[in-house]
Amino acid sequence: MRMTRTAAPIAATEPETGGVADAALAAEVRTLKATRNAVILAHNYQAEPVQDVADFVGDSLALSRRAAATDADVIVFCGVHFMAETAAILSPGRTVLLPDLEAGCSLAASIDADQLRAWKAEHPGAVVVSYVNTTAAVKAESDYCCTSGNARQVIEAIAPDREILFLPDMFLGSYLERVTGRRMHVWPGECHVHAGIGPAEVSAAVKAHPGAELLIHPECGCVTSCMYLSAVGDVPVRTEILSTEGMVRHAQTSPSPAFVVATEIGILPRMRKEAPDKDFFPLSEAAVCRYMKMITLAKVRDALRDMKHVITVPEDVASRARTAIERMVAIG
Ligand code: 13P
Ligand code: SF4
């Protein structure tokens with residue numbers, strides 16, 4: 001992966017202080033966006049002011065599809081590094097900007113291409129399924145990519161007699177083994193935010209919000225123990241395991257008036273906006289992805305103003321990764 005930075009400052013960066021400052025920054029962002037013929041794509045975990053200036057807010061799968069379909073010249077990706085790389089691979093003719101190069105992902109960092117090559121060598125002939133939270137170099141070593149939105153369908157699309165290496169999230173991997181009935185070799189990676197959401201945190205939240213439906217992201221440490229959860233002590237609970245986009249859609253259509261949400265807390269403002277008559281409670285206030293929160297309105301403005309930081313993927317890596325990503329985009 002090569003990252004280039006072209007800086008042509010127009011004005012110095014100001015601190016972002018909320019309220020009036022946010023409104024002024026948002027106006028600047030909109031003007032620059034039109035000048036650059038840019039589209040702003042934001043993940044569901046982005047800070048609310050960033051989501052508010054985005055043209056589209058969604059989960060990894062929907063964002064990949066939007067990036068592939070856009071006719072804008074510039075994509076400002078408000079998310080983390082692997083997401084911007086995926087956009088660059090799917091939209092080779094566009095300039096993809098990531099407002100902060102430090103916006104990484106602890107899960108994507110849990111395996112590199114050398115480790116994957118060594119693992120593949122131990123299992124010759126196995127099909128490699130990589131979760132989208134991986135670097136482009138890891139995707140280039142993979143047969144299929146998937147997201148939490150279509151992981152089950154991707155596994156089910158693989159012939160039942162094939163050995164599967166699934167990486168890098170062990171909680172999602174064990175969940176998929178159970179729902180599909182497939183045995184897989186699962187890489188022992190985890191996301192530091194979701195791994196901290198375990199059975200003890202679930203019990204406390206269900207007792208604090210009796211009657212609320214429980215929505216769980218499959219990266220959570222509690223995912224397999226919650227698959228068939230129907231009560232905590234004598235408190236009954238309905239549980240759904242969903243991607244971030246699945247959570248928003250489910251909240252809109254479910255008859256439940258209240259939800260406990262087990263994922264990064266950045267998704268809550270969007271859920272409250274899109275299902276305003278319902279109540280949403282974070283399962284854990286500590287579920288904050290510091291990488292996602294590195295993107296601020298000021299950095300989005302700077303990215304558009306200075307055309308930084310351009311994310312590029314070498315074509316030999318991109319062309320091998322593209323096949324796996326295009327399979328992901330096509331399934332589910
Ligand atoms: P989604 O694909 O569900 O948006 O999740 C991405 C992610 O990084 C979860 O931590
Ligand atoms: Fe990565 Fe976890 Fe942050 Fe998602 S929440 S971007 S998996 S570190």
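Keep in mind that what you see is a predicted model, and the values were worked out from it rather than measured. (Residues numbered from 1 in each chain as written. Chains lettered and ligands numbered in written order. Predicted model: local features only at pLDDT ≥ 70, side-chain atom pairs only at ≥ 80, totals over all residues. Heavy atoms only, no water.)

Q: Just to check I follow, could you spell out the site of ligand 2 for this structure?
A: What surrounds ligand 2 is the set Tyr45, Val80, Cys105, Ser106, Leu107, Asn133, Cys191, His192, His194, Glu219, Cys289 and Met292. When atom positions are compared with the pocket grids, ligand 2 is found to occupy the largest cavity. Across the shell around ligand 2, the residue classes break down as 7 nonpolar, 4 polar and 1 charged. (Near = heavy atom within 4 Å. 1 Å grid on protein atoms, 1.4 Å probe; cavity = no way out; pocket = protein on both sides within 12 Å on 5 of 7 lines; lining within 4 Å. Sits in = over half its atoms within 2 Å of the grid points. Nonpolar A, V, L, I, M, F, W, Y, C, P; charged D, E, K, R; others polar.)

Q: What is the right way to read the packing of helix 1 (residues 20-36) against helix 14 (residues 297-306) from this model?
A: Packed helices, taken two at a time, are described by their axes: the angle between them and the distance between them. Remark: helix 1 packs on helix 14, axes separated minimally by 9 Å, with the N-to-C direction vectors making an angle of 25°. Comparing their axes, helix 14 and helix 1 come out roughly parallel. The handedness of the crossing between helix 1 and helix 14 is left-handed. Contact residues: Asp22, Leu25, Ala26, Glu28, Val29, Leu32, Lys33 and Arg36 in helix 1; Leu297, Ala298, Val300, Arg301, Leu304, Arg305 and Asp306 in helix 14. (Axes fitted to C-alpha atoms, helices over the stretch in contact; angles between N-to-C directions. Helix = DSSP H or I, 4+ residues; strand = E, 2+ residues; numbered from the N terminus. Parallel < 35°, antiparallel > 145°, perpendicular 65-115°, else oblique. Left-handed = near helix turned anticlockwise from the far one by under 90°. Contact = heavy atoms within 4.5 Å.)

Q: Which parts of the structure should I look at to understand the packing of helix 3 (residues 60-69) against helix 15 (residues 315-330)?
A: Running from N to C, helix 3 and helix 15 cross one another at 110°; their axes reach a closest spacing of 10 Å. As the angle between them shows, helix 3 and helix 15 are arranged roughly perpendicular. In this structure, helix 3 contributes Leu61, Ser64 and Arg65 to the contact, and helix 15 contributes Met328, Val329 and Ala330. Broken down by class, the residue content of the contact of helix 3 with helix 15 amounts to 4 nonpolar, 1 polar and 1 charged.

Q: What exactly am I supposed to notice about the side chain of threonine 86 here?
A: Within the secondary structure, threonine 86 is located in helix 4 (residues 81-90). Within the structure, the side chain of threonine 86 is placed 2.8 Å from the backbone oxygen of phenylalanine 82, a separation counted as a polar contact. Those residues within four positions of threonine 86 in sequence are excluded, and the remaining contacts are Ser64, Val132, Lys139 and Ile325. (Polar contact = N/O pair within 3.5 Å; in protein donor to acceptor, adjacent residues only side chain to side chain.)

Q: Help me out: how do you make sense of the environment of alanine 68 in this one?
A: In this structure, alanine 68 sits in helix 3. The exposure class of alanine 68 is partly exposed, given its relative accessible area of 38%. Measuring from C-alpha to C-alpha, the distance between alanine 68 and glutamine 51 comes to 20 Å, with 17 residues separating the pair along the chain. Setting aside anything within four residues of it in sequence, one finds alanine 68 in contact with Leu90 and Ser91. (Buried < 20%, exposed > 50% of the residue type's maximum accessible area, 1.4 Å probe, protein only.)

Q: I would appreciate a short explanation of the confidence of the model for the protein chain in the present structure.
A: Note: predicted coordinates in regions of low pLDDT should not be interpreted at a detailed level. Across the protein chain, pLDDT averages 93, with 95% of residues at or above 70. Under a pLDDT of 50 for its full length, residues 1-16 has, in the predicted model, 41 contacts with residues more than four places off or in other chains. (pLDDT = per-residue confidence, 0-100.)

Q: Sorry if this is basic, but what is going on with the pairing of strand 8 (residues 164-167) here?
A: Residues in a regular strand project their side chains so that they alternate between the two faces of the sheet. Alternating residues of strand 8 divide into Ile164 and Phe166 and Leu165 and Leu167, and every residue in both groups is buried. Sheet topology places strand 6 (residues 127-131) next to strand 8; 4 bridges connect them, and they run parallel. Residue pairing across strands places valine 129 opposite phenylalanine 166, the latter belonging to strand 8. Relative to strand 9 (residues 185-186), strand 8 runs parallel, the two sharing 2 bridges. Note on strand 9: the bridge partner recorded for phenylalanine 166 is valine 186. Read from strand 8 through helix 8 (residues 170-180) to strand 9, the crossover connection turns out right-handed. (Pairing = 2+ DSSP bridges. Right-handed = clockwise from strand over helix to strand, strands pointing away.)

Q: Where do I start with the layout of surface pockets in this structure?
A: Here the idea is plain: a probe the size of a water molecule rolls over the atoms and shows the empty space left. Quantified by volume, the largest pocket comes out at close to 350 Å³. What lines the largest pocket is a set of 22 residues, and nearest its centre among them are Ser148, Gly149, Asn150, Leu242 and Ser243. Those elements that provide at least two residues to the lining of the largest pocket are helix 3, helix 7 (151-156), helix 8 and helix 12 (244-253). Its residues assigned to classes, the lining of the largest pocket shows 10 nonpolar, 7 polar and 5 charged. When its volume is computed, the second largest pocket comes out at roughly 150 Å³. Together, 14 residues line the second largest pocket, and Ala88, Pro92, Ile311, Thr312 and Val313 are the ones closest to its centre. Of all elements in the fold, only helix 4, strand 5 (95-97), strand 16 (310-312) and helix 15 reach the threshold of two or more residues within the lining of the second largest pocket. Here the lining of the second largest pocket is built from residues that sort into 8 nonpolar, 3 polar and 3 charged. (Points joined across faces, edges and corners; volume = space filled by probe spheres on them.)

Q: What exactly am I supposed to notice about empty space enclosed by the protein here?
A: What the rule picks out here adds up to 2 cavities of 30 Å³ or more. Taken as a whole, the largest cavity spans an internal volume of roughly 240 Å³. Lining the largest cavity are 25 residues, with Tyr45, Asn133, His194, Glu219 and Met292 positioned closest to its centre. Listing elements by their share of the lining of the largest cavity, those giving two or more residues are helix 4 and helix 9 (192-195). The residue inventory of the lining of the largest cavity, partitioned by class, reads 13 nonpolar, 10 polar and 2 charged. In this structure, the second largest cavity encloses a volume near 40 Å³. Around the second largest cavity, the lining residues are Ser60, Leu63, Ser64, Phe77, Phe82, Met83, Thr86 and Val132.

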